[in-house]
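Commentary on secondary and tertiary structure
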Amino acid sequence: MTIERLRAALGEENATIAAMLPGDTERVEIHAGLDELLEVLGTLRRVGFERLEMLTAVDRGETFEVLYRIESRSLSIAATVRVDVPREEPRVASVFGLWPAADWQEREVYDLFGIRFAGHPDLRRILLPEDWMGFPLRKDYVDERIVRRPDYI
Amino acid sequence: MPLQVEERRDVIGADGRLVEELVVNVGPSHPSTHGVGRVIVHLDGEVVTKVEPVIGYLHRGIEKMAENRTYLQVVPLTDRLDYVGSMYANWAYCRTLERLADIAVPERAEYIRVIVCELQRIASHMMGLGASAADTGAFTMFVYCFDLRERIIEFFETLCGSRLTYNYVRPGGVSFDLPEGWLEDVSAFLETVDAKLVEMDQLFFGNVIARGRMKGIGVLSAEDAVAWGITGPSARASGVNWDLRKHDPYSVYPLFDFDVVVGDNGDSYDRGRTKIFECHESAKIIRQAIAKIPGGKFKTPLPRLIAPPAGDAYDHIESARGTLGVYLVSDGSVRPYRMHVRSPAFCNLAILPRLVPGHTLSDLIVVLGSLDPVFGEVDR
Amino acid sequence: MSSVAPFGWGMVAGLGAGLIIALAALIGVWWERKVSARVQLRLGPQQAGPYGLLQTLADTLKLVLKEDITPARADRRMFRMAPFLAFVPVATSMIVLPVVKGWAPLQIASGALFFLAVPGIAAAGILLAGWSSRNTYATIGGIRGAAQMVSYELPRTLSVLALCILGGTLNVVTLQESWRWWWVLATALGFLVYFIASIAELNRGPFDLPEAESELVAGFFADYSGIRWAVFMMVEYGGMVAASAFAAIAFFGGGFGIPGVAGTFLLIVITCVLATVMIWAKWTFPRMRPDQLMSFAWKVLTPMALVQLAIVGVIAAWL
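Residues numbered from 1 in each chain as written. Chains lettered and ligands numbered in written order. Predicted model: local features only at pLDDT ≥ 70, side-chain atom pairs only at ≥ 80, totals over all residues. Heavy atoms only, no water.

**Focus on unusual backbone geometry**
Negative phi characterises most residues that are not glycine, and trans characterises most peptide bonds. Residue and element names in this part refer to chain B. Residues other than glycine seldom take positive phi values, yet D102 does so here, at roughly 55 degrees. If you trace the backbone, D102 turns up in the loop between α3 (86-101) and α4 (107-136). The exposed category is assigned to D102, whose relative accessible area is 71%. Notably, D372 is not glycine yet its phi reads approximately 55 degrees, a positive angle. One can find D372 in the loop between α14 (361-371) and α15 (375-379). (Helix = DSSP H or I, 4+ residues; strand = E, 2+ residues; numbered from the N terminus. Buried < 20%, exposed > 50% of the residue type's maximum accessible area, 1.4 Å probe, protein only.)

Below, the structure written as structure tokens:
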């Protein structure tokens, strides 16, 4: 029933249900387009997703996939919102205004992937030193200090 | 952030007047920062005006390293995340992997995991409480807490040979079965735990000086806690009634009867006291688990190289610090494509700049201690 | 009426005081380590000598052999002088204490005043130590220490003043000789105030914020190592013994007014008991925040001392 409500609230967005899990919380997968992301997340925030649990990114080759895992205690539902960000121009809207929990997590994604979050109040490196060059979690990150794994492992 | 901080500068204060601000650097090598954390503090006299945590001193690139190891080889890496609570760090990763690769876990293994994780929770809270007591100057409380922690670590040593990084919870179960007599020893230990916790509560939290140091310091409201993603005892002390073991239960927790410890005021005093009461609840859970534990296999036999189907999975558990989640992406090979750790200490530390301004430098130490960061987990 | 010992005796007395302070520090440190260990379910020094008695000697030897480091930024002369500026007043104040009933190395008409006022100079030593280190933490520690010592002088002095009113004299020797058993009851409040204020004066126990190890990393003596650090420790432990001894003499009649060796023995026993209570207090309580510390001095201890003065004033008028 809540899934229908969500679908109705989000409009054209593709909201599909992942496997129903043992446990009290339903899980929902939502794919959003880059331009509609802030709107989708804003709607979800209004509908009752009051907590942002995880914000991270995956390097998928041609795009980065940015994931938001948000939870609604009142609705007992957890949603994973995914958005694909083009590699050549990795910019996405910041959700700091919706969930302040995004503050450090967006800084971490910027630090390790180089994805810029537009609207973040203080986007700078958090884990690596300020003067670090490069974004280590990208798959094409090259650093001669990285130890090569031997083939037999 | 330049490495040198200016010592003294003139700034316009919040009320428009010119103040001479002192910028002090606390850490990264400091007895009170619970590891390698650095906090740049702007002081107006003794009052803190701005706090800026600088982290990353323990960043080892565990997430990147995980991409270069097989799924089983990642388990010891997770030990080093929250090194004060290796058991549940292992468990979070194993749960996610089991979800990803659809691995079944025998019931006995689940019971063992619960027992071991709750013991770890007590040990972790003892570390957090002891360290924050030592920060305020109550060294005796520190020693008492570590006495309790030492007993638990001795149990773990008997169990898996290691005192700090256990590598015990594995995908599909646990690595060794319980030794003979271990459960009896733990039961005997648990009989003394409640009395010791009460004594510690009276020694430290009943003390008028400790109350003066901690009550009303670093108050976190429930709305802020939810909005900023604060989880664990720090959030529950602010009145947020959310414990994954009860509200999004996993493993065999639904079979146990225990309470969620929720505080009222959200100040440092409540955050500390919540930890003591959570230890009581953990002892309760362990007793019930010991009574009900079945026989059977302690592990599902698995090949050394696990190749889950392509896809991704996220699972989370309630660790001593909050919601510890692991996100795994698989591309069908024997190595993870991406591993991300949703670290509760990292998310909880983000609230520090909001809690401290208006208090004094001594209060910064108290608040930092009450948030209980472990920098292995903060920095990964 | 005063008697000052002739020149030769003065030097002996001075050396004696210095030696007693050093001995007090030696034994005090050992005793503290043993007491705190037992409180914390540990054993304390074991190896050096029987029951670890020689441990402090071993530590002092190590400290003496250490390199004498003066930080590059510090003001060298002040930095080197500061520990002794803190130590000498505390050591000197001990010479007015009557170790045997009726005799003190220095018997002056204002003995009590001398004992209370002279250690106040140590506040300057602490401030100077913090200031000359030219290091943020040390400066904060030094300022806190000075503010604390100045604040706690008042209740301390007032409580001893109550006693002097009862005795009608500031001369410590005469005070001890005119001690009556019921003074213990009449000045109980004053004793409490004096005891707590002394702990604060020494930067010990719940009032050790200036040297807060976990916050300021040893505060005003952060940059001191080796023998200079040991001198600060001697100030603390020597001061602890001096304060306990004075309390034993003034409030408990230095062995309950018993003359001779028995009296001195009792004096030592009571001093040890009081020093043990100070150690016990340090290891039980967390430390107070600076503003709480100040408000405690001004809003709690000083009124209590004034109440004690009022009580004693009534009694003295009635007598």
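Structure shown, so let's carry the discussion forward.
**Comments concerning the interface of chain C and chain B**
With 22 residues of chain C in contact, the opposing surface of chain B contributes 32 residues. Buried area between chain C and chain B, both sides added, is near 2400 Å², and the carbon and sulfur share of it is 57%. At the boundary of chain C with chain B, the tally comes to six residue pairs in polar contact (both at pLDDT 80 or more). Broken down by secondary-structure element, the contributors of at least two residues to the side of chain C that touches chain B are α6 (136-167), α10 (213-216), α12 (260-284) and α13 (290-318) of chain C. (Contact = heavy atoms within 4.5 Å. Buried area = accessible area lost by both parts, 1.4 Å probe. Polar contact = N/O pair within 3.5 Å; in protein donor to acceptor, adjacent residues only side chain to side chain.)

**Let's talk about the interface of chain B and chain A**
Of the residues lining the interface, 44 residues belong to chain B; the matching set on chain A comes to 45 residues. Of all residues in chain B, the largest losses of buried area upon contact with chain A belong to K64, Y337 and F346 of chain B, amounting jointly to 15% of the total for that side. The tally of links between chain B and chain A comes to four salt bridges. Between R124 of chain A and E52 of chain B there is a salt bridge, with the nearest N and O atoms lying 3.3 Å from each other. Across the contact surface, chain B and chain A share 16 residue pairs in polar contact (both at pLDDT 80 or more). (Salt bridge = Lys/Arg side-chain N within 4 Å of Asp/Glu carboxyl O.)

**Comments concerning the confidence of the model for chain C**
All names here are of chain C. When pLDDT is averaged along chain C, the result is 82, and 93% of the positions lie at 70 or above. Mean pLDDT across the elements of chain C bottoms out in α10 (51) and peaks in helix α9 (residues 188-201) (90). Scored as a whole, the predicted complex attains pTM 0.86, and scored at its interfaces, ipTM 0.87. (pLDDT = per-residue confidence, 0-100.)

**Thoughts on the sheet that holds strand β7 (residues 311-318) of chain B**
Residue and element names in this part refer to chain B. Strand order across the open sheet formed by three strands is β7-β8-β9, with antiparallel pairing between neighbours. Edge positions in the open sheet fall to β7 and β9 (336-342), since each of these has one partner strand only. The mean angle between the axes of side-by-side strands here comes to 15 degrees, regardless of whether they run parallel or antiparallel. Note: β7 against strand β8 (residues 323-330), eight bridges, orientation antiparallel. When the sheet's bridge partners are listed, E318 is paired in β8 with T323. (Pairing = 2+ DSSP bridges. Axes fitted to C-alpha atoms, helices over the stretch in contact; angles between N-to-C directions.)

**As for the pattern of salt bridges**
Residue and element names in this part refer to chain B. According to the stated counting rule, one finds 46 salt bridges over all chains in the structure shown. The residue R236 makes a salt bridge to E318 at a minimum N-O spacing of 2.8 Å. One end of the pair, R236, is in helix α9 (residues 233-236); the other, E318, is in strand β7, with 82 residues separating them in the sequence. For E318, a relative accessible area of 1% gives the class buried. For R245, the salt bridge identified is with D243, shortest N-O distance 2.9 Å. Comparing R245 with D243, the two get one shared label, buried. It is possible to trace a salt-bridge network through shared partners that takes in E118, R121, R236, D243, R245, E278 and E318.

**Observations regarding the arrangement of the chains**
Inter-chain contacts occur across two pairs of chains; the most extensive set of contacts lies between chains A and B. Kept free of each other, chain A and chain C leave a smallest C-alpha distance of 25 Å between them.

**Some thoughts on the side chain of Q55 of chain C**
By the element assignment, Q55 of chain C lies in helix α2 (residues 55-64). In this structure Q55 of chain C touches R33, P45 and A48 of chain C, once residues within four positions along its chain are discounted.

**Remarks on the packing of α3 of chain B against α4 of chain B**
For any two helices packed against each other, the geometry comes down to the angle between their axes and how far apart the axes lie. All names here are of chain B. For the pair α3 and α4, the least separation of the axes is 8 Å and the interaxial angle reads 140 degrees. Residues S86, M87, Y88, W91, C94 and E98 of α3 pack against E110, R113, V114, V116, C117, Q120, R121 and S124 of α4. Here the residues of the contact of α3 with α4 sort into seven nonpolar, three polar and four charged. (Nonpolar A, V, L, I, M, F, W, Y, C, P; charged D, E, K, R; others polar.)

**Considerations on the state of the cysteines**
Residue and element names in this part refer to chain B. This model, assessed by the stated rule, comprises zero disulfides over all chains. Take C160: it sits in no disulfide, and the sulfur closest to it among the cysteines is that of C94, at 13 Å. The closest cysteine sulfur to the non-disulfide-bonded C279 is located on C145, 8.4 Å from its own sulfur. (Disulfide = S-S within 2.5 Å.)

**Some thoughts on empty space enclosed by the protein**
Residues and elements named next belong to chain C. Evaluation of the coordinates by the stated rule reveals five cavities of 30 Å³ or more. What lines the largest cavity is a set of 21 residues, among which V90, M149, E201, L202 and V235 lie closest to the centre. Taken together, the elements giving at least two residues each to the lining of the largest cavity come down to α3 (76-93), α5 (121-132), α6, α9 and α11 (226-256). The element contributing the most residues to the lining of the largest cavity is α11, with six residues. Across the lining of the largest cavity, the residue classes break down as 13 nonpolar, four polar and four charged. (1 Å grid on protein atoms, 1.4 Å probe; cavity = no way out; pocket = protein on both sides within 12 Å on 5 of 7 lines; lining within 4 Å. Points joined across faces, edges and corners; volume = space filled by probe spheres on them.)

**Here we look at helix α6 (residues 182-205) of chain B**
Residue and element names in this part refer to chain B. With 24 residues, α6 should reach 34 Å at 1.5 Å per residue; the first-to-last C-alpha distance of 33 Å fits that figure. Of all the bends in α6, the largest measures some 30 degrees and sits at V193. If you check which residues of α6 are buried, you get W182, L183, V186, F189, L190, V193, L197, M200, D201, F204 and F205. Next to the buried residues of α6 lie α4, α5 (139-160), α7 (208-214) and α11 (268-292). (Expected span 1.5 Å × (residues − 1). Bend = angle between axes of the 7 residues up to and from the residue.)

**Side note on the packing of aromatic side chains**
On inspection of all chains with the given rule, the structure shows 25 aromatic pairs over all chains. Three or more aromatic residues link up through ring pairs in this structure, and these residues are F115, F191, Y194, F195, F246, F251 and F252 of chain C. When the ring centre of F346 of chain B is taken as origin, the NZ or CZ atom of R380 of chain B, which lies over that ring, is 4.8 Å away. (Phe/Tyr/Trp six-rings, centres within 6.5 Å; stacked < 30°, edge-to-face > 60°. Lys NZ or Arg CZ within 6 Å of the ring centre and 35° of its normal.)

**Here we look at the nonpolar core**
If you look at the biggest cluster of nonpolar residues, it comprises 157 residues, and the most contacted ones within it are Y68 of chain A together with Y93, Y168 and W182 of chain B. Of all the elements, α4 of chain B adds the most residues to this core, at 12 residues. Core analysis: the second largest hydrophobic core is formed by 86 residues, L106, L209, F251 and M288 of chain C among them. (Core = buried A, V, L, I, M, F, W, Y, C linked by side-chain atoms within 4.5 Å.)

**What about the side chain of E318 of chain B?**
Only 2.8 Å separates the side chain of E318 of chain B from the side chain of R236 of chain B, close enough to count as a polar contact. Beyond its immediate sequence surroundings of up to four residues, E318 of chain B is in contact with R121, G232, R236, D243, L244, R245 and Y250 of chain B.

**Re the environment of T165 of chain B**
Among the structural elements, T165 of chain B can be located in the loop between α5 and β5 (169-170). Discounting residues that sit within four places of it in the chain, T165 of chain B has contacts with D79, R80 and S86 of chain B.

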